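# What the coordinates show
As a plain string of letters, each chain reads:
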Amino acid sequence: MTYYIGDVIKDEKLLIARTPEEFEKTGVTVKTRTGVEEIDPNKGKVRLNNGSNLPYDTLVLATGSNVFLPDIPGIHEEGVFKLKDLRDGIDIKTYIKEKQCGSDKCRKAIILGAGFIAMEMCEALRNLGLETSVVYRGELPIRRWDAEFSKLLLGKLTENNVEFITHRMPVAIEKKGKKPGLCLITNDGEMDADIIIFALGVKSNTALAEQIGLKIGNTGAVMVDYSQRTSREEIYAVGDCCGVYHRIKQQWVHMPLGDIANKQGRVAGANIGGHAMTFPGIVGAQSFKVFDLEVAKTGIDEWEAEQFGFHPVSTIIWGTPSARSMSKGKKLGLKMVANKSTGKLLGAQAVGEGGAVTKINTLSACLWSGMNLDEIGYIDLAYSPSFGGAWDPIQIAAQMLRKML
Ligand SMILES: Cc1cc2nc3c(=O)[nH]c(=O)nc-3n(C[C@H](O)[C@H](O)[C@H](O)COP(=O)(O)OP(=O)(O)OC[C@H]3O[C@@H](n4cnc5c(N)ncnc54)[C@H](O)[C@@H]3O)c2cc1C
């Protein structure tokens, strides 16, 4: 969606995986612009917002998540947006384009939040030529990554003329004189903008599940088992609205990501269709790109490791995305965390101008299969100067960390 807003993807139709008509051909009826208002689990039917009822034998909840929006005055002013679905993406792009073409210029954007969606939005808005500021309550962007990596990302924002304003929280938004002028009032001063975008995170949409008393997990998401069944046998839940088993934490977590939603949907569908299947869980792999920087992680960091009773050791190494002689000054940072008592990998993070996602995907597979540092230190990886040195940063970091056990 951020690539659509930033005009890398020109046509919104390219973001639609399958149209209602294509679904129809495979025997699936899609009712668009139709909401479920109520479920009657005893009679096996749902009440729609057009007043009609739909009966079911099996029900799948795939209600996604809700964007967190602070309850502040002015949050619904024209020019204030959230970014959750395609409609939001189209509205943001249309708003900017219309204002840019008209007399009310759209020049200045404020993004609230500093997670992956906020970071992707920085690139999109700079692509459209907008002055862009990030307003964040903390000190550094992407707080789930090591501070050393967050600082590199901050440098990338600065290099691309994105202003990063720390220790600020929104208090109110006011309309200012000439359209489309807005004023963001924070705990520490006021800022003018033409568009304000909230990217402060999401929480599971459990409204329907709670209505019928389905069990909700500690994470606030619908509780499911490995088959995606909820606490009622005939009701399944998949995607952002439900929990997922984290294989390293050995605990159910809420991780609202698209690849997980896809897999859970397939598992639920297979089970409903009579082909028994379980979802084996996740190790927490995730990635994004901001300008030319790849950012990725898998597993857990030292802080989480301590919470889950491990004794973590960690190391950060700085290498290059290709052989040093060919890297033209490009950097690749890799952090690895392992359990001191078993020598097993617990997590990894990578940031770099190329290569970071490949490193993390490899380490995710290592983590998935429970490999220890001795195995990772000599794992067979492809070598070619275009992609790195004879010793891959993965092997170097694993060998360094091995010495710390
Ligand atoms: C800007 C952006 C970028 C992202 N990038 C990535 C990425 O790079 N990688 C990644 O893994 N994930 C990414 N995600 C997350 C990913 O989009 C979600 O994890 C995924 O869409 C979840 O799928 P879902 O089907 O569970 O929920 P959704 O896609 O949110 O779908 C839920 C649907 O249910 C509908 N609904 C809710 N309540 C009702 C009701 N009562 N009646 C009828 N319909 C209802 C909603 O309208 C919505 O259409 C991104 C998210 C955003 C916003």
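Here, every reference points to the structure presented above.
Residues numbered from 1 in each chain as written. Predicted model: local features only at pLDDT ≥ 70, side-chain atom pairs only at ≥ 80, totals over all residues. Heavy atoms only, no water.

### Some thoughts on the packing of aromatic side chains
Following the criterion strictly, the structure yields nine aromatic pairs and no others. When the centroid spacing of 5.8 Å and the interplanar angle of 85° are considered together, the rings of W145 and F288 count as edge-to-face. In this pair, W145 sits in the loop between β8 (131-135) and α5 (147-159) while F288 sits in strand β18 (residues 286-290), placing the two residues 143 residues apart along the sequence. In terms of burial, W145 and F288 fall into one category: buried. Ring geometry for Y378 and W391: centres 5.7 Å apart, planes at 85°, overall edge-to-face. (Phe/Tyr/Trp six-rings, centres within 6.5 Å; stacked < 30°, edge-to-face > 60°. Helix = DSSP H or I, 4+ residues; strand = E, 2+ residues; numbered from the N terminus. Buried < 20%, exposed > 50% of the residue type's maximum accessible area, 1.4 Å probe, protein only.)

### As for the pairing of strand β9 (residues 162-165)
Looking along a regular strand, one sees the side chains alternate between the two faces of the sheet. As paired strands, β8 and β9 are joined by four bridges and run parallel to one another. Each bridged residue has a counterpart across the sheet, and for S133 the counterpart in β9 is E163. Regarding topology, α5 serves as the crossover connection from β8 to the parallel β9, and that connection is right-handed. (Pairing = 2+ DSSP bridges. Right-handed = clockwise from strand over helix to strand, strands pointing away.)

### Structural notes on the nonpolar core
Note that soluble globular proteins tend to have their nonpolar side chains buried in a common cluster. Core analysis: the biggest nonpolar cluster contains 38 residues, and M119, L153, L157 and I195 have the highest contact counts within it. For this core, the element with the most residues is helix α4 (residues 116-127), which contributes six residues. Residues contacting I195, with those up to four places away along its chain left out, are G79, F81, I92, Y95, I96, C106, K108, A109, I110, L130 and L182. By size, the runner-up hydrophobic cluster in this structure holds 30 residues, among which are A305, L332, A338 and A356. (Core = buried A, V, L, I, M, F, W, Y, C linked by side-chain atoms within 4.5 Å. Contact = heavy atoms within 4.5 Å.)

### Digging into the layout of surface pockets
There is about 460 Å³ of room inside the second largest pocket. If you go around the second largest pocket, you meet 20 residues; those closest to its centre are T34, G35, V36, L48 and L208. At the level of elements, β1 (36-40), β2 (45-48), β3 (53-55), β4 (59-61) and α6 (207-211) are the ones that each hand at least two residues to the lining of the second largest pocket. Broken down by element, the residue count for the lining of the second largest pocket peaks at three residues, all from β4. Classifying every residue of the lining of the second largest pocket gives 13 nonpolar, five polar and two charged. (1 Å grid on protein atoms, 1.4 Å probe; cavity = no way out; pocket = protein on both sides within 12 Å on 5 of 7 lines; lining within 4 Å. Points joined across faces, edges and corners; volume = space filled by probe spheres on them. Nonpolar A, V, L, I, M, F, W, Y, C, P; charged D, E, K, R; others polar.)

### Some words on the pattern of salt bridges
Side chains bearing opposite charge may pair, as long as their charged atoms lie close to each other. Applying the stated criterion to the full structure yields 20 salt bridges. Here K289 makes a salt bridge to E123, at a shortest N to O gap of 3.1 Å. Of this pair, K289 sits in strand β18 while E123 sits in helix α4, placing them 166 residues apart in sequence. Between K335 and D146 there is a salt bridge whose closest N-O contact spans 2.6 Å. Separated by 189 residues along the polypeptide, K335 in strand β21 (residues 332-339) and D146 in the loop between β8 and α5 bring together distant segments of the chain. Comparing K335 with D146, the two get one shared label, buried. (Salt bridge = Lys/Arg side-chain N within 4 Å of Asp/Glu carboxyl O.)

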